[in-house]
Amino acid sequence: MIYFRGCLSREKLKEIPHATEELLHKAGIEYRILEDEGCCGSVLLRTGFKEEALPVMQDTLEDIRGEQVLVSCAGCYRTFKEDYPEILGEKVDVIHTSRLFQELVEEGLLETSPSQEKVTYHDPCHLGRHQKEYQTPREVIRAYGELVEMERTQEKARCCGAGGGVKSAFPELSEEIGKNRVEDARNTGATTLVTCCPFCILNLELSQKESSSSTRVTGEEVDIRDLSQFMLRRLKHE
């Protein structure tokens, strides 16, 4: 199995692949990473640069062909799952970390660590609306904390504000959308916001820093984490 870290996690949010790899080691899962890992092509595709995306996708396909591919990024998942078969004509055996974590918990390879920590979950557009993967991350969260839902969830969830090139083209709009989503999380009384997309994490973190409001229950900011980071923190706590 190849663990495809993804551009944003590999370059900016390195805590995500670090946490994921530690969980894989704990569960005894054999995997490898690509030292010269390229890009899946998602950002180019979403922003209309299909012609430029093609050689990038073809190079990456050569690196992963014939292997199962584990991804942390919802955008990578959607791209490998849908766009590679549609555009390149080849299926990719891809699994998102949330699905693998669920299987490892069910098999007892990752111990559960129940707590009364209130946790809310943000549905990334690429994993949720695009792939209808709503329950798997929530089942994992319930094994480690108390899940409290935001008012708008699943297919009706607000976007984080970063997708589709909005963050680059309209940064102020992106920030306002992110602030609204952070406020949704704060309104639940949760101390932790978990999601499964590094783009969501980056924009929600930046939006929260620019927001003047604070959590109504604790008076502190919401802790924004990838599912892997949340799980590892709970396991280390125990």
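Residues numbered from 1 in each chain as written. Predicted model: local features only at pLDDT ≥ 70, side-chain atom pairs only at ≥ 80, totals over all residues. Heavy atoms only, no water.

Thoughts on a negative patch on the surface
Okay, so step 1: A cluster of acidic residues, Glu35, Asp36, Asp59 and Asp63, forms a negative patch at the surface.
Okay, so step 2: In this structure, Asp59 sits in helix α4 (residues 50–64). (Patch = residues over 30% accessible without salt bridge, like charges linked within 9 Å, V, L, I, M, F, W, Y side chains within 5 Å. Areas by Shrake-Rupley, 256 points an atom, 1.4 Å probe, with all protein chains shown as cover. Salt bridge = Lys/Arg side-chain N within 4 Å of Asp/Glu carboxyl O. Lys, Arg positive; Asp, Glu negative; His and termini not counted. Charge placed at Lys NZ, Arg CZ, Asp CG, Glu CD. Helix = DSSP H or I, 4+ residues; strand = E, 2+ residues; numbered from the N terminus.)

Focus on the sheet that holds strand β6 (residues 192–195)
Okay, so step 1: Pairing in this open sheet of four strands is parallel, and the strands run β5-β4-β6-β7 from one edge to the other. Whereas interior strands pair on both sides, the edge strands pair on one side only; in this sheet they are β5 (146–147) and β7 (223–226).
Okay, so step 2: Summarising the sheet, strand β4 (residues 118–121) and β6 pair through three bridges and their orientation is parallel. Note that in β6 the partner of Thr120 across the bridge is Leu193.
Okay, so step 3: In the packing of helix α7 (residues 135–142) onto the sheet, the strands contacted are β4, β5 and β6, and the crossing angle to β4 comes to about 170°.
Okay, so step 4: Of the strands in this sheet, β6 and β7 are in contact with helix α10 (residues 198–210), which crosses β7 at around 170°. (Pairing = 2+ DSSP bridges. Contact = heavy atoms within 4.5 Å. Axes fitted to C-alpha atoms, helices over the stretch in contact; angles between N-to-C directions.)

Digging into the environment of Thr195
Okay, so step 1: Its location among the elements puts Thr195 in strand β6.
Okay, so step 2: Judged by relative accessible area, Thr195 falls into the buried class, the value being 0%.
Okay, so step 3: Here the alpha-carbon distance between Thr195 and Glu11, two residues 184 residues apart in the chain, equals 19 Å.
Okay, so step 4: When neighbours within four sequence positions are excluded, Thr195 is seen to be in contact with Tyr121, His122, Pro124, Cys200, Ile201, Arg225, Asp226 and Leu227. (Buried < 20%, exposed > 50% of the residue type's maximum accessible area, 1.4 Å probe, protein only.)

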